[in-house]
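Chain and residue survey
Spelled out, the chains give:
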Amino acid sequence: FFAWMMQCGRVTANPLLSVKMLTGDTVRNRRAFSDAEVASLLAVAGDRRLVFLAAVETGLRRRELKTLRWSDVHLDAVHPFIKLRSSNEKNRKGSTLPIRSHLADELRTNQPDDDESSSEVFGKLVPDERQFKSALQAAGIPERAGGFVVGFHCFRHTFVTNLHRAGVGQAQAMALARH
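No experiment lies behind these values; they were computed from the predicted model shown.

Calculation rules
- Residues numbered from 1 in each chain as written.
- Predicted model: local features only at pLDDT ≥ 70, side-chain atom pairs only at ≥ 80, totals over all residues.
- Heavy atoms only, no water.
- Helix = DSSP H or I, 4+ residues; strand = E, 2+ residues; numbered from the N terminus.
- Rg over C-alpha atoms; globule rule 2.2 N^0.38 Å.
- Core = buried A, V, L, I, M, F, W, Y, C linked by side-chain atoms within 4.5 Å.
- Buried < 20%, exposed > 50% of the residue type's maximum accessible area, 1.4 Å probe, protein only.
- Contact = heavy atoms within 4.5 Å.
- Arc of directions from axis to C-beta.

The next subject is the overall build of the protein chain. Tallying secondary structure elements over the protein chain gives eight helices and five strands in all. When the elements of the protein chain are put in sequence order from the N terminus, they spell out α-α-α-α-β-β-β-α-α-β-β-α-α. By the compact-globule yardstick of 16 Å for 179 residues, the protein chain is too spread out, its C-alpha radius of gyration being 20 Å. Its C-alpha atoms give the protein chain principal-axis dimensions of roughly 65 × 35 × 35 Å.

Pasting the structure below:
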C-alpha cells in the first residue's frame, strides 16, 4: 500500500520498511472431523453433546454458540432457523441460518419456558480450550496429526465439508459459513 502511495506521490517514504516480518508457525492448519470422529465426540460429550452437535450442524463459532440466546432460535417456524444478532456475530452483520430437523428436535427438548427466552442456549456448556482437549482425548482424537491441529474451530471445517459433500454450491456454502 505504501509502495503504491509513494508511486502516486502521496507519501515521500514508506514507514513500514523497517518493520520485520513475523516468522514462525503463525498459521494453524486445521481439518474437518471425519464422521467417525464426530460420532466419537458426541458419544463422550455428556452435557456438551448438544453444543458439539450444534457446532457441526450450523458452523457457528465458539463465541457465537456461547452467546446464543433462546430468543435467537426460532424452532416453531415452518423451517426452523437461528437469527444471529449482529452483536453476536464475528462479521457484525447479523445472519439467518437454517436448522436441520434433527437438531431442531434436540433443541426443542432443551428449550426452557417462554419466560427464559433471553437466557443463553449453551452458555457455560461451551467448552474452553482445556475442556475441548479433554473431550478430544476421551474420544481418542489426537490434537496434532499429519501436520494438522485439531481444535473447536474444526467443527466449522466439518460443517463446510458436509455442505460440499451434500452438493451445496460454493457460493451458498460461503453464505452459510458467513465468509
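Moving on, we get to the nonpolar core. In terms of nonpolar packing, the biggest core is built from 37 residues, with Phe52, Leu107 and Phe122 touching the most fellow members. When contributions to this core are tallied by element, the ones reaching two or more residues are helix H2 (35-44), helix H3 (49-58), helix H5 (101-110), helix H6 (129-139) and helix H7 (154-165). In terms of residues, this core owes the most to one element, H3, which gives seven residues. If sequence neighbours within four positions are ignored, Phe52 has contacts with Leu41, Leu42, Ala45, Pro127, Phe132, Ala135, Phe152 and Phe155.

Another point: H2. Among all positions in H2, only Glu37, Val38, Leu41 and Leu42 are buried. Here the buried residues of H2 occupy an arc of 135° about the axis, which is enough to place them on one side. In H2, the exposed positions that point more than 90 degrees away from the buried face belong to Ala36 and Ala43. Tucked into the core, H2 has its buried residues touching H3, H6 and H7. Remark: Gly46 follows H2 within two positions and exhibits a positive phi of approximately 60°.

Our next topic: the environment of Asn91. In this structure, Asn91 sits in the loop between strand E2 (81-83) and strand E3 (96-98). Along the backbone, Asn91 and Arg178 are 87 residues apart, and their C-alpha atoms lie at a distance of 8.0 Å.

From the geometry alone we can't say anything about function, so treat these as descriptive.
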